[in-house]
Amino acid sequence: MKNVDIVFVTNLPSFYKIEFYNQIASKKKIMVFFTGDKAWERNNDFFCGNIEFDYLYLEGPLFVKALKGIIYISRYKYKELIISGWDQLLCWFCAFLFTAKKNACVIESSIYESDLVGIRYVLKKIFMKRISKAYVCGKPHIRLIKALCFKGEIVTTGGCGILNYIQQPLYAPRQKVKHFLYVGRLIEIKNVSFLIEVFNLLPEFELKIIGFGPLEDKLKQIAKENIIFEGAIDNSQLPFYYQHSDVFILPSYSEPWGLVVEEALNNGLPVIVSNCVGCCEDLVTPERGIIFDIQNPNSLRDAILKISQIDYYNQLRKNVSQMDFVDRVKKQLDCYL
């Protein structure tokens, strides 16, 4: 039996989780089990980083992977078992086969994209009865677990990992707002086709799109000349694009949190996000950007025109420049330490 403070079970060995676990491991003894799942729409460097903690990749068919995980986890004596969500068979095995009072769950889903009726809702309620502590990203995530009748301890982390943060750029007013930026996968749920339709009607503004995915060809066909597709860009190169843009836009139908919103803010950009983006209530305050109504076809256009008013824009930019991302990281880590 091996002694550790925390056992983590998570799906993606993403760069922001690797850095998060590295910093936790500098203070506590941890073991991380990765299921090894990867999404093909991600950049290669999305899954890279110097791993400085004990870990194991679980491989094989779904049931075999879950069975392996239970066998390996049972070899550890831990103070807390932290499960990332309820979407994997291994998470369910962990919840019901190990001691409930030591079970914790990271809640990255928000009330915006979650069903509150039907069999999935019932199953999630059953799952949460086996959880004693919930680590939630923000306010919409708290509302979700309360809707699931969760009675345990709630810890608000303010994020879901540690990004490649940079020193916050100094405030400098701009003379004109013209360059808008989208960063993300080109898939239906990101609502990029609607974003393009809006910018097709606003030829005075430029929209750069960074990312790739199955809709890329279709989106290029409907885009006008003021819309530029940059393709896949390494995460390490993204600060250049953020800092040479004026506004970041994330128009998703569904977004559990929205790491790219944090990246944009960290690079000094005011943001426009849909009201279905998980971080909108916690990060996109009226002092930092605009939340548009995804049900109102004119809402995004109105937001673009409003944020392009230079005095208003520069005030937003000044407010964003004063955000303390060092403190954000510390607060997130303290939730686990």
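Here, the structure is the one placed above.
Cut-off values and rules
- Residues numbered from 1 in each chain as written.
- Predicted model: local features only at pLDDT ≥ 70, side-chain atom pairs only at ≥ 80, totals over all residues.
- Heavy atoms only, no water.
- Buried < 20%, exposed > 50% of the residue type's maximum accessible area, 1.4 Å probe, protein only.
- Helix = DSSP H or I, 4+ residues; strand = E, 2+ residues; numbered from the N terminus.
- Pairing = 2+ DSSP bridges.
- Right-handed = clockwise from strand over helix to strand, strands pointing away.
- Polar contact = N/O pair within 3.5 Å; in protein donor to acceptor, adjacent residues only side chain to side chain.
- Contact = heavy atoms within 4.5 Å.
- Disulfide = S-S within 2.5 Å.
- Axes fitted to C-alpha atoms, helices over the stretch in contact; angles between N-to-C directions.
- Parallel < 35°, antiparallel > 145°, perpendicular 65-115°, else oblique.
- Nonpolar A, V, L, I, M, F, W, Y, C, P; charged D, E, K, R; others polar.

## A few points about the pairing of strand β7 (residues 103-107)
Two faces make up the sheet, and in a regular strand the side chains alternate between them.
Then comes step 1: Burial runs high along β7: five of the five residues are buried.
Then comes step 2: Across the two faces of β7 the burial is the same, with N103, C105 and I107 and A104 and V106 all buried.
Then comes step 3: One ladder, built from four bridges, connects strand β6 (residues 80-84) with β7; its direction is parallel. Its bridge partner being in β7, I83 is matched across the sheet by C105.
Then comes step 4: Following the backbone out of β6, through helix α3 (residues 89-97) and into the adjacent parallel β7, one traces a crossover that is right-handed.
Then comes step 5: Relative to strand β8 (residues 133-136), β7 runs parallel, the two being bridged by four bridges. Residue pairing across strands places V106 opposite Y135, the latter belonging to β8.

## Section: the side chain of T157
Then comes step 1: Relative to the assigned elements, T157 resides in the loop between β9 (153-156) and β10 (179-183).
Then comes step 2: We classify T157 as buried; its relative accessible area is 7%.
Then comes step 3: From its side chain, T157 meets the backbone oxygen of G159 in a polar contact 2.7 Å long.
Then comes step 4: Not counting chain neighbours up to four residues away, the residues in contact with T157 comprise Y135, V136, C137, Q332, C335 and Y336.

## Observations regarding the state of the cysteines
Then comes step 1: A complete count under the given rule lists zero disulfides for this structure.
Then comes step 2: Here C279 stays unpaired: no disulfide links it, and the sulfur of C280, its closest cysteine neighbor, is 6.9 Å away.

## A look at the packing of α3 against helix α4 (residues 118-128)
Then comes step 1: Between α3 and α4, whose axes approach to 10 Å, the crossing angle comes to 45°. Accordingly, the angle class assigned to the pair α3 and α4 is oblique. Across the interface between the two elements, C91, W92, A95 and F96 of α3 pack against L123, I126 and F127 of α4.
Then comes step 2: Each residue belonging to the contact of α3 with α4 can be placed in one class, and the counts come to seven nonpolar, no polar and no charged.

## Observations concerning the sheet that holds β9
Then comes step 1: In spatial order, the strands read β4-β3-β2-β6-β7-β8-β9; together these seven strands make up an open sheet with parallel pairing. The sheet is open, and its two borders are formed by β4 (54-57) and β9, each paired with just one other strand. Between one strand axis and the next, the sheet turns through 20° on average, direction left out of account.
Then comes step 2: Note: strand β2 (residues 6-10) against β6, four bridges, orientation parallel. Paired with I6 across the two strands is E80, which belongs to β6.

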